[in-house]
Structure formats: structure tokens, C-alpha cells
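Each chain is listed here by its residues.
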Amino acid sequence: MKTNQVMIAVLMSGGLLLSSCKKEKAPDAALAASKALASASGDVGIMSVLFNGDASNGSANVWKAINIEGTGTVTTVNDETGTLTWKFLKPSGSHRTEGHGAKNYEAQDGDEIYIGWTSKIYMPTTLKTDALFQWKSYPTAGSLQNHPLMVRTKNGNLELQHFDDNHVATVPWSTALSTSTWLKFVIRMKVSRDPAVGFIEFWYNGVKQTLSNGSQRLYCRTLDVDYCDPKWGVYGGDSSQVTHFVKKIRIGTTYADAAQ
């Protein structure tokens, strides 16, 4: 009788142990399934990318419009790594060659976003341009800032500009202009019409920059009129030809989304 009781106890404990093991392994199985799903669909982090401006996606899926004043062209070419890249050519005597993005995306008041891209610029280092990148206000009529943020060249420098609601420009950051080499940019932005709420942070070639206020963050107005859109290419610099190659355009909700 005792032998039977012992055997029953052993069997019951074994069953409980088996049941316990199954319960412990269930989360692992779910995790494995989750990983398999993520693997099948690509990097799970891609869900936080709000806009992908790769040239391989095609002009119709990236640009809301192409803006050309003069005889410029917007084409695509493969870079030295085989990556399809946007090529903005603004000839001497022309005023503008830009792509107005981002198709099917519009930042809303209160959003916090990261805008990233990689550029290679061919131009005289002393040439003044109005913009190689714009965070542009729409509609232009009635705008106060017109373009809250711009990246431009002046006096041999590459400058990040901010325009306030009186269209007064300041230069939160600048560095010596490097041409014929790839340059990486990321702007973190709190989108707001309130200069006490909106802010920008800035990375150049993977390094977070200290701005002219001595901080790595500048509180400022970053939204004007109805909405703002990004633009890449060349604006101004009429006296010389400028060629601006742009790739790895991203807008996302994390730095990793934008820092390609």
C-alpha cells in the first residue's frame, strides 16, 4: 500500500514538474515566434520610420513636387557603394533645384521627430547658397518664418539657421564646409508654434553638436502657418554650378531611425 502511495506521489510530482516546465517554456516559444515574425518582415524597428526618402523608392513616392528655377535637373545615380542616390544639379545662372518632400507625410503640432540624411556637395567652398536643406512653411503666403530651419553655405562655412516669427535669422551652429565627401546630418525636432515648447538638437557626422547657446538643445519655434515640409537640393548660389548628392533620407521617431 505504501509502495503504491509513493509511486502515485512520484507520478503526481512528475506531472506537476512537467506542467511547470511547459508553463515556463511558453514565453520562450512566444518570443521565438515573435522573433521569427520580425525576421520575416524585416527589422522590427522599421515601424518607427515615418518617411523613407530613398531614391530606390522612386520620385513619385518621395517628392510632393520638384522645384526648378533655371535649367537644373533632379536625377538618380549609383554612388561608389552601389546605393541609388538623388543628384540635384543646379547649373551656373540657375537659382533653384530642389525636391519638396515628404510624400504622404506631414508633421503635426506636438510631434517629436528626427530628420536624417547624408550629403555630398560639389561647389566652390566660398560660394554662398541660401539652402541645401529647408524645413519650409506652407502655404508661403501669410507665413511668419517662411522656413524655420535651413542648412546653407556662407564664407566657407556650413551653417544651420533658425528663423523666428519676425523672419530674423540666427545661426545656432556652423563649421568649415567640406566638399567632395559624404556628410551626415540628423535634426531632432519638437514641432511647435510655441518657442518655449519647440526645440531642435543637431548631429553632424554622428556627433551631437553643442549649439551657439552653449547647450545641445535650442528652444525655438519650429512650426509655421499650416504645416512645414522638408526640402533637399540647392537654392541660391546662382553664380556657380552646384551638385548636391543626397541619400538615406529618413524621418522617424528615434535617432536610430534617422542616423543611417
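Details of the structure are given in the entry above.
Attention here is on the structure that accompanies the text.

1. Regarding the packing of aromatic side chains
Under the defined criterion, the tally for this structure stands at 16 aromatic pairs. Look at Tyr114 and Trp203: their rings are 6.1 Å apart centre to centre, the planes differ by 45 degrees, and that puts the pair in the tilted class. In this pair, Tyr114 is assigned in strand E6 (residues 112-122) and Trp203 in strand E12 (residues 199-204), connecting sequence segments 89 residues apart. Judged by relative accessible area, Tyr114 falls into the buried class, the value being 9%. Residue Trp203 is classed as buried on the basis of its relative accessible area, which comes to 11%. Between Tyr122 and Phe245 the ring centres are 5.9 Å apart and the planes differ by 85 degrees, which places this aromatic pair in the edge-to-face class.

2. Remarks on the pairing of strand E3 (residues 73-78)
Looking at chain direction, E3 and strand E4 (residues 84-90) are connected through six bridges and run antiparallel. When the sheet's bridge partners are listed, Thr75 is paired in E4 with Lys87. Turn length for the E3-E4 hairpin, with the two strands adjacent in sequence and antiparallel, is five residues, and the turn residue Gly82 shows positive phi of about 90 degrees.

3. Observations regarding the pattern of salt bridges
Two side chains bearing opposite charge may form a pair once their charged atoms approach each other closely. Overall, the coordinates contain 15 salt bridges when judged by the stated rule. Note that Asp54 is salt-bridged to Arg250, the shortest N-O span being 2.7 Å. Here Arg250 lies in strand E16 (residues 242-252) and Asp54 lies in the loop between strand E1 (49-52) and helix H2 (59-62), a separation of 196 residues in the sequence. The shortest N-O distance in the salt bridge between Asp109 and Arg193 comes to 3.3 Å. Of this pair, Asp109 sits in the loop between strand E5 (96-100) and E6 while Arg193 sits in the loop between strand E11 (183-190) and E12, placing them 84 residues apart in sequence. Under the relative-accessibility criterion, Asp109 is labelled partly exposed at 46%. Of the residues examined, Arg193 reaches a relative accessible area of 32% and is grouped as partly exposed.

4. Description of the environment of Ala176
When you line up the elements, Ala176 lands in strand E10 (residues 169-176). For Ala176, a relative accessible area of 49% gives the class partly exposed. Each C-alpha atom, one on Ala176 and one on Thr153, is 9.3 Å from the other, the two residues being 23 residues apart in sequence. Those residues within four positions of Ala176 in sequence are excluded, and the remaining contacts are Gly156, Asn157 and Leu158.

5. Some remarks on the pairing of strand E9 (residues 157-163)
For E9, a buried count of six out of seven residues is recorded, marking the element as mostly surrounded by other parts of the structure. Here six bridges tie strand E8 (residues 149-154) to E9, and the two strands are oriented antiparallel to one another. For Thr153, the partnering residue across the bridge sits in E9 and is Leu158. In this structure, the hairpin formed by E9 and E10 is closed by a connection of five residues, where His167 is found at a positive phi of approximately 60 degrees.

Rules and cut-offs
- Residues numbered from 1 in each chain as written.
- Predicted model: local features only at pLDDT ≥ 70, side-chain atom pairs only at ≥ 80, totals over all residues.
- Heavy atoms only, no water.
- Phe/Tyr/Trp six-rings, centres within 6.5 Å; stacked < 30°, edge-to-face > 60°.
- Helix = DSSP H or I, 4+ residues; strand = E, 2+ residues; numbered from the N terminus.
- Buried < 20%, exposed > 50% of the residue type's maximum accessible area, 1.4 Å probe, protein only.
- Pairing = 2+ DSSP bridges.
- Salt bridge = Lys/Arg side-chain N within 4 Å of Asp/Glu carboxyl O.
- Contact = heavy atoms within 4.5 Å.

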